[in-house]
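The residues making up each chain are set out below.
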Amino acid sequence: MGTTAATTRSVSGQRAWRSPDHLQRLAQARARTDELFGIVRPEAMYDRPIRERHRIIFYIGHLEAFDWNLLGRHFGLPAFDAAYDELFAFGIDPVGGGLPADVAEDWPARVQVEAYCRRLRDALDDRLAASLGAAAGDGGETARLVEVAIEHRLMHAETLAYMLHQLAIDRKIPQQDAPLRAPAPAAPRMLQIPAGVATLGLRRSEDGPFGWDNEFEEHRVAVPEFQIDAYKVSNGDFLDFVSGGGYEQRALWKDADWNWVQSSGTSRPAFWIERDGQIFLRTMFDEIPLPMDWPVYVSQAEAAAYARWVGKELPSEAEWHRAAYGTAGEAERAFPWGDQAPDANRGNFDFLRWDPAPVTAFAAGASAFGAGGMLGNGWEWTRTIFAPFPGFEPFAFYPGYSANFFDGQHFVMKGASARTAACFLRRSFRNWFQPHYPFVYAGFRCVQPEADSDCSVK
Ligand SMILES: [Fe+2]
């Protein structure tokens, strides 16, 4: 897999720090985020596109401050600017109020922030380059921390795209999207998934691949037979729900979800715009007539209400795994299509496009059971509350990464979006969000249990 392929093994079998590989991947990740900030017009740098998030300028400082607070501390480097290290240390994700109240003038000038960033990058690069070979005996700690820095940055490359998606179009510098090949049309249908086992998580071992704390420990879950949609729910499908009054039918919504719909005045997906009775989709750089065959992006609450409306439900994390990676036999695949590394024919991921593709695109990415688009083209909501796997242990250097979100108010998402880096396509990777946050590149597909389908840990 992407993050681990370049990782080498030391003679002791531990994951070793190897400067050229790690530095190159860190440089590539930086290029991704630099490119992203490059689409923001200079006059928009202090805008706050999403009211629950910081202003854009914060994230420029944050990506470097995070690396510095992690790796600078690891190497024992002296602080250049302790106040900025703290100012840019943490993002925000308020649940139920507590919106930020800062004004643009509270933040330092861009030129100062960029000078801070340059200085940190240079100092870290010097230290990392000087560490070639020297850290091989540290039990893999340096390698692990560099993986954390790379993946943290790449996660932000995606979540910043969600944020900049909401920035007014005239505040961005338009980019060309990759052309779409028209996929063969396919009728919506459900696939029969026979009972079997889903292997969730990653086995903890000193020489194993990198994973975040919530990916451990590996365990097997027995999954009874069920049916699952062959493709993600499309904008066209969801338009039927909207037109059919789905947002006004109290019975389709859980209490908290109904309260959110009412209090927020939500009556359609956040990416949709209604103008003169016509629905448009807000893409990254444009507004276009609603593409009916693209996946709908909605919050978990909206996805769950739609599923109830069609007499189905969202998949559990284990069901999603089984449909994506399982086979008719005992074997499970590394990726839905098999064990080959991801490439641009397998799905809309790894920054291939800014926007979605039709739900039936990328036939070469289908799972053994024929489920299309499981990886890429939008994350997929599950009904599973984000919680630790058996054997969970927080990282000492980042104890709140997952544990802060084990609050029963976040749901697991699986899959990937067009802006998800290839390293996160590993089977064990878990994403999560609160159910009322509508700006994620996340859609869904539905399942239908055969009878009583409660999964049990083997
Ligand atoms: Fe962060």
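Everything here concerns the structure above.
Within any chain, residue numbers begin from 1 and follow the written order of that chain's sequence. Given that this is a predicted model, residues contribute local features only at a pLDDT of at least 70 and side-chain atom pairs are listed and counted only at 80 or more, while totals for whole chains, interfaces and linings are drawn from all residues. Hydrogens and waters are ignored; side-chain quantities use all the structure's heavy atoms.

Q: Go over the side chain of Arg 445 with me, naming the residues and quoting the values.
A: We count a stretch as a helix when DSSP gives it H or I for four or more residues in a row; a strand needs E for two or more, and each element gets its number in order from the N terminus. As for its placement among the helices and strands, Arg 445 is situated in the loop between strand S13 (442-443) and strand S14 (447-449). Note on exposure labels: buried denotes an accessible area under 20% of the residue type's maximum, exposed denotes more than 50%, and partly exposed covers the range between, all computed with a 1.4 Å probe on protein chains only. Of the residues examined, Arg 445 reaches a relative accessible area of 0% and is grouped as buried. For this analysis, a polar contact is any N or O atom pair within 3.5 Å, provided that within protein one partner can donate a hydrogen and the other can accept it, and provided that sequence-adjacent residues contribute only side-chain to side-chain pairs. Of note is the side chain of Arg 445, whose polar atom sits 3.1 Å from the backbone oxygen of Asp 229.

Q: Give a description of the pairing of strand S3 (residues 190-193) that names residues and reports values.
A: Here S3 shows a buried face lined by Leu 191 and Ile 193 and an unburied face lined by Met 190 and Gln 192. Sheet topology places S3 next to strand S6 (residues 226-229); four bridges connect them, and they run antiparallel. When the bridges of S6 are listed, Leu 191 appears paired with Ile 228. DSSP-based pairing: two strands are paired if at least 2 bridges between them are found.

Q: Outline the coordination of the iron ion, listing residues and values.
A: Nitrogen, oxygen and sulfur within 2.8 Å of a metal are treated as its donors, or within 3.2 Å for sodium, potassium and calcium (Na, K, Ca); water is not counted, so a site can appear incomplete. Bound to the iron ion on the protein side are His 62 (NE2), His 152 (NE2) and His 156 (NE2), at distances that span 2.1 to 2.2 Å. Ordering the donors of the iron ion by residue number gives the pattern H-x89-H-x3-H. With His 62 in helix H3 (residues 56-75) and His 152 in helix H6 (residues 141-165), this residue pair connects regions lying 90 residues apart in the sequence. Per residue, the accessibility class of His 62 equals that of His 152, and both read buried.

Q: With reference to specific residues and values, describe the sheet that holds S14.
A: One open sheet accounts for three strands, arranged S3-S6-S14; its pairing is antiparallel. Edge positions in the sheet fall to S3 and S14, since each of these pairs with one other strand and no more. Between one strand axis and the next, the sheet turns by 20 degrees as a mean value, whatever way the strands run. Whether two residues are in contact is decided by their heavy atoms: any pair within 4.5 Å suffices. Axis geometry follows a simple rule: fit a line to the C-alpha atoms, using only the stretch in contact for helices, then measure angles between N-to-C directions, giving values from 0 to 180 degrees. Of the strands in this sheet, S3, S6 and S14 are in contact with helix H10 (residues 317-325), which crosses S6 at around 75 degrees.

Q: If you had to explain the packing of aromatic side chains to someone new, which residues and values would you point to?
A: Paired rings are identified among Phe, Tyr and Trp, the last through its six-membered ring, by centres lying within 6.5 Å, and are further divided according to the angle between planes into stacked (under 30 degrees), edge-to-face (over 60) and tilted (the rest). Under the criterion given, the structure shown has 45 aromatic pairs. With 6.1 Å between their ring centres and 35 degrees between their planes, Phe 88 and Trp 107 make a pair best called tilted. Of the two residues, Phe 88 is situated in the loop between helix H4 (82-87) and helix H5 (110-130) and Trp 107 in the loop between H4 and H5; the sequence distance between them amounts to 19 residues. Here Phe 88 and Trp 107 have matching classes, each one buried. Arranged with centres 5.1 Å apart and planes meeting at 5 degrees, the rings of Phe 335 and Trp 337 form a pair that is stacked. A residue is classified by how much of its surface remains accessible, and Phe 335, at 4% relative accessible area, is buried. The ring of Phe 280 carries Arg 275 above its face, with NZ or CZ at 4.6 Å from the centroid. The ring centre of Trp 354 lies 3.7 Å from the NZ or CZ of Arg 419, which sits over that ring. Consider the ring centre and the ring normal. A charge sits over the ring if Lys NZ or Arg CZ is within 6 Å of that centre and within 35 degrees of that normal.

Q: Go over the environment of Ala 305, please, and point to the residues and values.
A: Its place among the elements puts Ala 305 in helix H9 (residues 300-309). The buried category is assigned to Ala 305, whose relative accessible area is 0%. Residues Ala 305 and Leu 99, 206 residues apart in the sequence, show an inter-C-alpha distance of 27 Å. Apart from residues no more than four positions distant in its own chain, Ala 305 is found in contact with Phe 241, Leu 252 and Trp 253.

Q: Which residues make up the sheet that holds S13, and what values do they have?
A: Read from one edge of the open sheet, four strands run S12-S11-S10-S13, paired in mixed fashion. The two strands at the open ends of the sheet, each matched to only one other strand, are strand S12 (431-433) and S13. In this structure, strand S11 (residues 411-416) lies alongside S12, joined through three bridges in antiparallel fashion. Paired with Phe 411 across the bridge in S12 is Phe 433. Running at roughly 15 degrees to S11, H10 makes contact with strand S10 (378-385) and S11 of the sheet.

Q: Could you give me a rundown of H9, with the residues and numbers involved?
A: In terms of burial, H9 is a largely internal element, eight of the ten residues being buried. At its buried positions, H9 is contacted by helix H7 (235-243), helix H8 (255-264), S10 and S11. Phi turns positive, to about 75 degrees, at Gly 311, one or two residues after H9.

Q: Kindly report on the pattern of salt bridges, identifying the contributing residues and their values.
A: Side chains that carry opposite charge are capable of pairing whenever their charged atoms lie near each other. Note on definitions: salt bridges are taken to be side-chain nitrogens of Lys or Arg within 4 Å of carboxyl oxygens of Asp or Glu. Under the definition given, this model contains 28 salt bridges. One salt bridge in this structure joins Arg 171 and Asp 47, with 2.9 Å as the shortest N-O distance. Taken together, the residues Arg 171 in the loop between H6 and S3 and Asp 47 in the loop between helix H2 (19-37) and H3 connect sequence positions 124 residues apart. Note on Arg 171: relative accessible area 24%, which makes it partly exposed. Residue Glu 274 is joined to Arg 268 by a salt bridge in which the shortest nitrogen-to-oxygen separation is 2.9 Å. Accessibility expressed as a relative area gives 43% for Glu 274, which makes it partly exposed. The structure contains a network of salt bridges with shared partners spanning Asp 34, Glu 64, Asp 67, Arg 121 and Arg 153.

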